[in-house]
Each structure stands twice: as C-alpha cells, then as structure tokens.
Amino acid sequence: MFAQSTFADARSLYKDALFVIFGVPFDATSSFRRGSCEAPDAMRKASYNFETYNDYYGVDLTDVDMHDPGDLDITPDLRAGDVLCMVENAVAGILADSKIPIVLGGEHTLTYGCIRAFLDAFDDLGIIILDAHLDLRDEYLGAKQSHACVSRNIIDDLTDRCTIIGVRSGSAEEYIYARENGVLWYSADEVSCAGIESVMRQAIDALSDRGATRFHLSIDLDVIDPGYAPGVGNPEPFGLSPRDVRDAIRVAAPQACGLDVVEISPPHDNGESAIIGARLVREFIAARVTHL
Ligand code: MN
Ligand code: MN
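Let me sum up the structure you'll find in this document.

The rules we used
- Residues numbered from 1 in each chain as written.
- Chains lettered and ligands numbered in written order.
- Predicted model: local features only at pLDDT ≥ 70, side-chain atom pairs only at ≥ 80, totals over all residues.
- Heavy atoms only, no water.
- Donors = N, O, S within 2.8 Å, 3.2 Å for Na, K, Ca; no water.
- Helix = DSSP H or I, 4+ residues; strand = E, 2+ residues; numbered from the N terminus.
- Buried < 20%, exposed > 50% of the residue type's maximum accessible area, 1.4 Å probe, protein only.
- Core = buried A, V, L, I, M, F, W, Y, C linked by side-chain atoms within 4.5 Å.
- Polar contact = N/O pair within 3.5 Å; in protein donor to acceptor, adjacent residues only side chain to side chain.
- Contact = heavy atoms within 4.5 Å.
- Salt bridge = Lys/Arg side-chain N within 4 Å of Asp/Glu carboxyl O.

The protein atoms that coordinate the manganese ion (ligand 1) are His108 (ND1), Asp131 (OD), Asp135 (OD) and Asp220 (OD), at distances spanning 2.1 to 2.2 Å. Read N to C, the donor residues that coordinate the manganese ion (ligand 1) are spaced as H-x22-D-x3-D-x84-D. Taken as a pair, the manganese ion (ligand 1) and the manganese ion (ligand 2) lie 3.3 Å from each other and share aspartate 131 as a ligand. Note that aspartate 131 is positioned in the loop between strand 6 (125–130) and helix 4 (150–158) and aspartate 220 in strand 9 (residues 214–220), a separation of 89 residues in sequence. Judged by its relative accessible area of 0%, aspartate 131 is buried. The exposure class assigned to aspartate 220 is buried, which follows from its relative accessible area of 2%.

Here's what the structure looks like:
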C-alpha cells in the first residue's frame with residue numbers, strides 16, 4: 001500500500017514512468033497571502049477523492065505509468081534564484097529521460113525555472129499560461145524573481161512564444177508593456193464571450209506562427225473564479241470556471257510536454273482549490289496519455 005504522501009495512482013518506479021509528478025513547496029515571494037507551500041501535499045491528499053477511471057478518454061489512471069518522487073527540499077535559507085535552479089535541474093533531468101514533468105507549486109515564480117529547462121530541451125516550445133494576472137511587472141516589492149513578474153521574466157529573458165489566458169488584472173504599466181511588446185494575451189471576458197476552445201485555438205495558432213509546435217501549460221489557479229477556488233494567493237473575481245480550465249487542458253493536451261499547477265493556498269479555503277488542482281492534473285494525464 002502506498003502512503004498518501006504520493007499523488008494517487010503514482011505507483012510506478014521512476015524508470016518505468018511516463019509522467020513524473022513532484023512538488024515545490026515554495027511561497028517566499030507571495031505578496032497578499034501565503035500558504036502555497038502547503039499545496040503539493042493538499043493536492044496529493046485531494047487526488048485520492050477521484051475515481052481512477054476517466055470516461056471521456058476511456059483511460060484508467062491505474063494503467064498509466066506515473067511516479068511521484070515527493071517534493072524538492074525547499075529550506076527557508078534558499079533564495080528564489082536558488083529554488084529556480086533546483087526546479088530547472090529537476091525538470092531537465094525528467095526531460096532528459098523522455099518523461100513528462102508535472103510540477104505541483106508553490107507560487108508562480110517557479111514556472112520560470114521550468115521554462116528554462118524546457119527551452120534547453122526543445123527549441124520549438126510555446127508557453128500557455130492560464131492566469132487572472134498579467135504577471136508582467138518588471139519587479140515587485142524590490143524583487144525581480146517574484147510571482148508578479150513571472151510572465152515578464154519569461155518574455156524578456158527567454159522567449160516571446162508565450163501567451164496568457166484569462167486575464168482580468170494588471171497595473172496600467174503592465175497593460176502598456178503588453179501592448180507595446182506584442183504580448184499574446186486573452187482576457188477572461190474574451191473567454192466568456194468566445195468560449196475557451198475558441199480562445200485556446202487562437203492562442204495556439206498565434207504561438208504556432210511564432211514557431212511553437214509543443215507547449216508547456218502553466219495553470220495559476222487564480223485564473224478560476226474565487227467562487228469556485230477561493231484558496232489562492234491573490235483571488236480575483238470574474239474568472240473562468242473549472243470546466244473552462246479542464247477544456248483548455250483538453251485542447252492543449254495533444255501537443256503538451258509539461259504542466260505546472262501553482263498558487264493554490266490551502267489555508268484559505270476548505271479544500272476546494274486543491275480538489276480542483278488535483279482533478280486538473282488527473283485530467284491532464286488522461287488527456288495526454290491518449291495522444292501518445
Ligand atoms: Mn501568476
Ligand atoms: Mn495570478
């Protein structure tokens with residue numbers, strides 16, 4: 001019997017696994033309310049709520065080889081830059097073994113480390129970020145490696161093959177930066193009007209025009225309306241539904257090479273947000289394995 005300290009159905013040895021699910025309990029730059037360091041274990045516990053069988057895909061997750069090695073050892077003395085290097089190394093190792101990494105955050109900052117590793121492995125990578133926030137600040141509270149700057153750092157330092165979907169919050173400067181620099185972003189209102197599938201296809205087409213043929217999906221759970229997912233670091237009303245995000249996963253899955261789920265803050269709800277996060281991870285696995 002596997003302890004509930006692993007993600008449900010992650011019973012394979014590392015060498016046999018197609019998917020490797022690991023946690024990054026890091027929330028040191030969180031600005032409004034902390035707690036995302038508790039999210040990896042909250043998602044693992046929540047993952048046992050669900051049936052192993054996904055009828056939409058006809059996939060039973062007990063038939064899928066996945067491995068959960070636990071969490072990166074994030075100690076309080078580590079700076080954000082150190083954590084990003086640890087995340088980059090962990091993701092790089094998984095990619096070098098031709099496996100699909102799934103990262104349980106933690107705050108959104110860590111996605112930057114993931115993307116460095118993905119871009120090292122794939123020069124045709126695009127990044128699809130689902131987020132209420134633009135995260136395009138140049139710096140925040142004196143820090144450049146902050147959850148509020150993650151999209152800016154990716155676009156400034158790494159690649160313009162990046163899109164942000166579900167946006168409804170940013171400073172005037174962030175919106176100006178987005179417009180002046182050709183940032184690909186789609187508002188939550190556009191998702192509401194056009195539907196998530198249409199927006200996802202527009203986003204994938206736009207990234208493809210810039211040379212992307214495979215995608216990392218980064219889900220900042222605050223993209224979902226706080227009525228559904230109140231336990232996040234920076235809740236923002238007028239958001240997407242959990243079904244929208246599930247359907248975004250379904251559209252992206254055929255070309256997806258990785259997933260991160262970040263910004264869940266378990267102390268701030270009764271488990272709802274971790275339940276959604278865990279379910280989205282399970283949907284991603286079922287969707288992705290169908291297209292292998
Ligand atoms: Mn974010
Ligand atoms: Mn956000």
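It is worth spelling out the nonpolar core at this point. Among the nonpolar cores identified, the biggest contains 60 residues, and Ile102, Ile128, Ile165, Met200, Leu221, Phe284 and Ile285 are the most heavily contacted of them. Considering each element in turn, this core owes the most residues, nine residues, to helix 9 (residues 272–290). In this structure, Val20, Phe26, Ile94 and Val103 belong to the second largest nonpolar core, which totals 40 residues.

Mapped onto the fold, serine 218 is located in strand 9. Among the polar contacts made by the side chain of serine 218, one reaches the side chain of threonine 111 at a distance of 3.3 Å. Excluding its chain neighbours within four sequence positions, the residues that come into contact with serine 218 are His108, Thr111, Ile128, Ile129, Leu130 and Asp260.

Summed over all chains, the structure comprises 17 salt bridges. Taking the shortest distance from any N to any O, the salt bridge between aspartate 9 and arginine 282 comes out at 2.7 Å. Taken together, the residues aspartate 9 in the segment before strand 1 (19–24) and arginine 282 in helix 9 connect sequence positions 273 residues apart. You can call aspartate 9 buried: its relative accessible area is 8%. Measuring nitrogen to oxygen at the nearest pair gives 2.7 Å for the salt bridge that ties arginine 44 to aspartate 68. Remark: aspartate 68 occurs in strand 4 (residues 66–71) and arginine 44 occurs in helix 1 (residues 39–47); sequence separation between them is 24 residues. In terms of burial, arginine 44 and aspartate 68 fall into one category: buried.

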